[in-house]
Number of protein chains: 2
Amino acid sequence: MGDNHQNILMKKHLQVTMNKIKHFPILCWKTSKKVGAEDPRRIIHSLKVGLSLTLVSLLYLIQPLFQGIGNNALWAVMTVVVVLEFTAGATLCKGLNRGLGTVLAGSLAFFIEGVANRTGKVFRACFIGAAVFLIGSVATYMRFFPKIKKNYDYGVVIFLLTFNLITVSSYRVDNVLKIAHDRFYTIAIGCGVCLLMSLLIFPNWSGEELHNSTVLKLEGLAKSIEACVNEYFFDTEIDENKESCSGDQIYKGYKAVLDSKSTDETLALQASWEPRHSSHCYRIPWQQYVKLGGVLRHFGYTVVALHGCLQTEIQTPRSVRILFKDPCTRVAREVSKALIELANSIRNRRHCSPEILSDHLHEALQDLNKAIKSQPRLFLGSNKNQSRNMLALAAAEAGQKQKEKKRQSGVSLSSVKTDSSALMEWKTKRASEQSREAERKVLRPQLSKIAITSLEFSEALPFAAFASLLVETVAKLDIVIDEVEELGRIACFKEFKHGDDDDKEEHITVKCEKPKINVTQNQLSSVSGAE
Amino acid sequence: MGDNHQNILMKKHLQVTMNKIKHFPILCWKTSKKVGAEDPRRIIHSLKVGLSLTLVSLLYLIQPLFQGIGNNALWAVMTVVVVLEFTAGATLCKGLNRGLGTVLAGSLAFFIEGVANRTGKVFRACFIGAAVFLIGSVATYMRFFPKIKKNYDYGVVIFLLTFNLITVSSYRVDNVLKIAHDRFYTIAIGCGVCLLMSLLIFPNWSGEELHNSTVLKLEGLAKSIEACVNEYFFDTEIDENKESCSGDQIYKGYKAVLDSKSTDETLALQASWEPRHSSHCYRIPWQQYVKLGGVLRHFGYTVVALHGCLQTEIQTPRSVRILFKDPCTRVAREVSKALIELANSIRNRRHCSPEILSDHLHEALQDLNKAIKSQPRLFLGSNKNQSRNMLALAAAEAGQKQKEKKRQSGVSLSSVKTDSSALMEWKTKRASEQSREAERKVLRPQLSKIAITSLEFSEALPFAAFASLLVETVAKLDIVIDEVEELGRIACFKEFKHGDDDDKEEHITVKCEKPKINVTQNQLSSVSGAE
């Protein structure tokens, strides 16, 4: 019986595996298409790598070239494989690191060889061993220094590699200088091919990447805020589907911002190695982009908190929310407009419109102000349905009676009871059946219920939080504008002209697109000019 | 005159440079000490690398060994430099990638050589060139596949490298098999040394690192929340210094959590390559740690928003806040306690106490409830000082008159005026003198003022937001507990015993320490046993 069961299991397992193998080519093909469609530059980059490898292979394949260089040609191949990266900045960074590391290591190795050569064979071996140990330890330790780790990590690895190879092989080989010489040439050839490919043939600039990602981040935040507020005031009963879709949009909008720290820093670092490919500015302030990224992340945290208001267990009833729909939506729209104007200003490398903080935003804020002021009824609980749940603020003057009525109504009392008993129940269950999965699924809502029921007073609090966070975004918008202006100032953006304003409206409605690669290609001419 | 000026400038520049050079050794020494003090394992790792390099150098330096292997020994050196990483998981990951890449590339290269050998010399060269181009492009393209990028990026690089070296050199050399054979041996020796060093001699486990960082993150959040609430209710007039210090603490607490995404994922990936070094569990669920990290990040966003409440321009007066000090502080303390209990449960690999959500938390929430209910006076504005600024909630019943009085008082009206005129002023200034730095410094407070004055209604809103966010942390605590429990279940944590509870109090007061390295060393025996 057990064997039979096992047989069936094995057959099933086999079938699943077979299915996986059968579908593997299709999966591969689909992934390939997706990866290519996401960013067509990837295909170009792959072809570039293939071409570069073929080029350095010619050192082997063509007779006259091989005679000059010989087996050292393998170093050219190695250099191309390791150094040629997706963006020009990354390639330059690695190439220069490799060059620097090789030269330094070579010098040090020859110095050590010079010292070791004057002694006997055995002592020389010991000396080399000690040097290898010492230099290896020190170089590895240096890789932990923050500055070196950030800029020269790869250089130190190459230094270590080259130093060891030269020092150790010098013990057995006599004409080390010749070897080093040849090797240096071939590495230079490899680096040359890499630089040629990455700088002159369809180059991808880390700087452009950073620039475009900043634009996309601003647009994402704009969309997130608008979607967030729309969902908050959206009537669930109309369409459940649409809501979850907008939830996705909110999440997508701010997620790219939250996770951008390390990418931004890497791109800025690589971009700082790139030759300037813009004619009208002395230097492009990549660090300012990183700083702006930091400010945007902080803006993003507020949006996350705003999104959190949509998902809390304690919700202000929709009938109440609807009263504030108009001003809130308008504030959100204005903030989002301002963000999109900032995005466009960065995209087109021009200063942003002086009307970026329009009267509309100001008016919307005042309307929100008025709306809250004009609804004291809400907080006083005169509405019958809400009487028991709204902030019981009428208590002092008019609400004393009502409060008593509320207490007597039993509803709230019983809910407190449920609450305490739920806690007790939950705790007993938890202690006795701690490890059962199914139970926990039941327990979670109860625990949340504790939070809900014990905070029945606070049905108006979430809206207050929502409004407060919305105002917070306006305050943070201020800082974002400051940073973008600073960026525009350092990067010598064009002056704002009123004609530029026209494409603004268009961009708001346009769907968020991938950064266009022709921007990058346009830069090609200016770079080849600069070379 | 101009020359003189330039001379002076140059001298100054020279002096600064000289000073920098003079202080360079001191700076180096200080950085070295700091880097070592931060994590003494770094020193051990550096010595390990030095030792490994010396070991593989012996292949060259000792005559009998060199005769067996010859110049191919350089591949062992190369392997050690490239593969030996800080943690065992990273080394294993790289070593296995290197091995896999080499073997696959070797097989493919021999296959291609087999095909190419049957043809003429010129056709053979073309064939090899085409193969190099094709394989190079395809392999590079595959590096963009998310799954391959995540797990096998280094393997593909090595595959490409080895494939090219073998294919290309096979064109000139006849006994490629012999070369490949020798090279494989030396690479195996290099990998062997690396594995020995990283697994058996003072190993650092990525898994331990992830485990400890999770504990630290929980503790950091706990400290952040408590510090945040304390600062919110802190009387500024007593001590300005202390406040900014606590601000630092808040920031430090959540910063580590927010930026942890990529580190967590890398560590989990590396940890998944490590042999299990714990005897009582089938497999350690590293992905669950990543998931918990994600939940903690979301918890962190709420803490950031809470921290934001401390920094907004619109502030609830301290005299009002003080009324809610007690319940809020208690809620925060209970949340923080629960987080620390979770941290301790993970640290000691035991389930968390069933009383983790104590009655205290529940009571504190109810007290907060009561406190807000018992202060309707606040929101009604009966206090003379606050009358004009609090949510004008008495409007409907009792406040109508007061509202009129307020309107007539002129104070609020005039503030609205200032507001509008400030906006106008700001905009004119901005349009005309857009690029002057000094101006902007003046402009920012005015812009912020727009937000403040136009939202004078909302002095009570920030507190509502604060309270709401505090409640939100309680709700999210729920999810965190769930994830930790799930982790405990999959990782087979010990049952909770009441004796364990005693060390809890101790840990709360103890300053946050670095993860202890002796934990790692203790694991040594169990691993060597498993090998």
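Reading guide: rules and limits
- Residues numbered from 1 in each chain as written.
- Chains lettered and ligands numbered in written order.
- Predicted model: local features only at pLDDT ≥ 70, side-chain atom pairs only at ≥ 80, totals over all residues.
- Heavy atoms only, no water.
- Helix = DSSP H or I, 4+ residues; strand = E, 2+ residues; numbered from the N terminus.
- Buried < 20%, exposed > 50% of the residue type's maximum accessible area, 1.4 Å probe, protein only.
- Contact = heavy atoms within 4.5 Å.
- Areas by Shrake-Rupley, 256 points an atom, 1.4 Å probe, with all protein chains shown as cover.
- Salt bridge = Lys/Arg side-chain N within 4 Å of Asp/Glu carboxyl O.
- Phe/Tyr/Trp six-rings, centres within 6.5 Å; stacked < 30°, edge-to-face > 60°.
- Lys NZ or Arg CZ within 6 Å of the ring centre and 35° of its normal.
- pLDDT = per-residue confidence, 0-100.
- Axes fitted to C-alpha atoms, helices over the stretch in contact; angles between N-to-C directions.
- Parallel < 35°, antiparallel > 145°, perpendicular 65-115°, else oblique.
- Left-handed = near helix turned anticlockwise from the far one by under 90°.
- Nonpolar A, V, L, I, M, F, W, Y, C, P; charged D, E, K, R; others polar.
- Polar contact = N/O pair within 3.5 Å; in protein donor to acceptor, adjacent residues only side chain to side chain.
- Core = buried A, V, L, I, M, F, W, Y, C linked by side-chain atoms within 4.5 Å.
- Disulfide = S-S within 2.5 Å.

(A) Broad picture of the overall build of chain A. Broken down by element type, chain A carries 23 helices and zero strands. Evaluated residue by residue, chain A yields a buried proportion of 54% over its 531 residues. The contacts of chain A with a sequence gap of at least 6 include a subset with a gap of at least 24, amounting to 80%. When the accessible surface of chain A is totalled, it reaches about 24900 Å², and 60% of it is carbon and sulfur.

(B) Representation of the pattern of salt bridges. Residues and elements named next belong to chain A. Under the defined criterion, the tally for this structure stands at 30 salt bridges over all chains. The shortest N-O distance in the salt bridge between glutamate 483 and lysine 291 comes to 3.9 Å. Of this pair, glutamate 483 sits in helix H21 (residues 461-490) while lysine 291 sits in helix H13 (residues 286-311), and the two are 192 residues apart along the sequence. Under the relative-accessibility criterion, glutamate 483 is labelled buried at 12%.

(C) Looking closely at the packing of aromatic side chains. Residue and element names in this part refer to chain A. Counting across every chain of the model gives 19 aromatic pairs over all chains. Ring centres of tyrosine 232 and phenylalanine 466 lie 3.8 Å apart, and the angle between their planes is 10°; this geometry places the pair in the stacked category. One end of the pair, tyrosine 232, is in helix H10 (residues 206-232); the other, phenylalanine 466, is in helix H21, with 234 residues separating them in the sequence. Residue tyrosine 232 is classed as buried on the basis of its relative accessible area of 1%. A cation over an aromatic ring shows up here: lysine 94 above the ring of tyrosine 154, its NZ or CZ 4.7 Å from the ring centre.

(D) Local environment of the confidence of the model for chain A. All names here are of chain A. Overall, the predicted model of chain A reaches an average pLDDT of 72, with 71% of residues at or above 70. Helix H23 (residues 517-530) is the least confidently modelled element of chain A, averaging 32 in pLDDT, while H10 averages 89, the highest of any element. The low-confidence segment residues 377-458 (pLDDT under 50) makes 130 contacts with residues lying over four places distant or belonging to another chain. Under a pLDDT of 50 for its full length, residues 500-531 has, in the predicted model, 39 contacts with residues more than four places off or in other chains. Interface predicted TM-score (ipTM) for the complex: 0.71; the corresponding pTM is 0.72.

(E) Spotlight on the environment of Ile322(A). Residue and element names in this part refer to chain A. Along the polypeptide, isoleucine 322 turns up in the loop between helix H14 (318-321) and helix H15 (325-347). You can call isoleucine 322 partly exposed: its relative accessible area is 45%. Separated by 90 residues in sequence, isoleucine 322 and tyrosine 232 place their C-alpha atoms 9.2 Å apart.

(F) Up close: the packing of H10(A) against H13(A). All names here are of chain A. Between H10 and H13, the shortest axis-to-axis distance is 10 Å and the interhelical angle comes to 20°. Taken together, the axes of H10 and H13 lie roughly parallel to each other. When the axes of H10 and H13 are compared, the crossing they make is left-handed. For the pair H10 and H13, contact is made by Gly207, Leu210, His211, Thr214, Lys217, Leu218, Leu221, Ser224, Ile225, Cys228, Glu231 and Tyr232 and by Trp286, Tyr289, Leu292, Gly293, Leu296, Phe299, Gly300, Val303, Leu306, His307, Cys309 and Leu310, respectively. Considered class by class, the residues forming the contact of H10 with H13 number 15 nonpolar, seven polar and two charged.

(G) Spotlight on the packing of H13(A) against helix H13 (residues 286-311) of chain B. Viewed as axis vectors pointing N to C, H13(A) and H13(B) meet at an angle of 105°, and their least axial separation amounts to 9 Å. As summarised for this structure, H13(A) and H13(B) are arranged roughly perpendicular, according to the angle between their axes. For the pair H13(A) and H13(B), contact is made by His298(A), Tyr301(A), Val304(A) and Ala305(A) and by His298(B), Tyr301(B), Val304(B) and Ala305(B), respectively. Split by residue class, the contact of H13(A) with H13(B) holds six nonpolar, two polar and no charged.

(H) Quick peek at the side chain of Gln270(B). All names here are of chain B. Tracing the chain through its elements places glutamine 270 in helix H12 (residues 261-271). At a separation of 3.4 Å, a polar atom in the side chain of glutamine 270 contacts the side chain of threonine 87. In this structure glutamine 270 touches Thr87, Gly89, Ala90 and Ser206, once residues within four positions along its chain are discounted.

(I) Up close: the nonpolar core. In terms of nonpolar packing, the biggest core is built from 135 residues, with Leu339(A) and Leu339(B) touching the most fellow members. The contacts of Leu339(B), once residues within four sequence positions are left out, are Leu218(B), Leu221(B), Ala222(B), Ile225(B), Phe299(B) and Leu477(B). With 103 residues, the next largest nonpolar core counts Leu61(A), Val83(A), Tyr60(B) and Trp75(B) among its residues.

(J) Examining the state of the cysteines more closely. For the structure shown, the criterion picks out zero disulfides over all chains. Cys194(A) carries a free sulfur, and the closest cysteine sulfur to it, the one in Cys191(A), is 6.2 Å from it.

(K) Examining the environment of Ile158(B) more closely. Residues and elements named next belong to chain B. By secondary structure assignment, the location of isoleucine 158 is in helix H8 (residues 153-170). Overall, the relative accessible area of 4% leaves isoleucine 158 in the buried class. Once residues within four sequence positions are removed from consideration, isoleucine 158 is found in contact with Arg98, Gly101 and Thr102.

(L) View of the environment of Leu195(B). Residue and element names in this part refer to chain B. As for its position among the elements, leucine 195 is in helix H9 (residues 176-200). Relative accessible area serves as the criterion here: at 30%, leucine 195 is assigned to the partly exposed category. Residues leucine 195 and valine 83 lie 112 residues apart in sequence; the distance between their C-alpha atoms is 9.2 Å.

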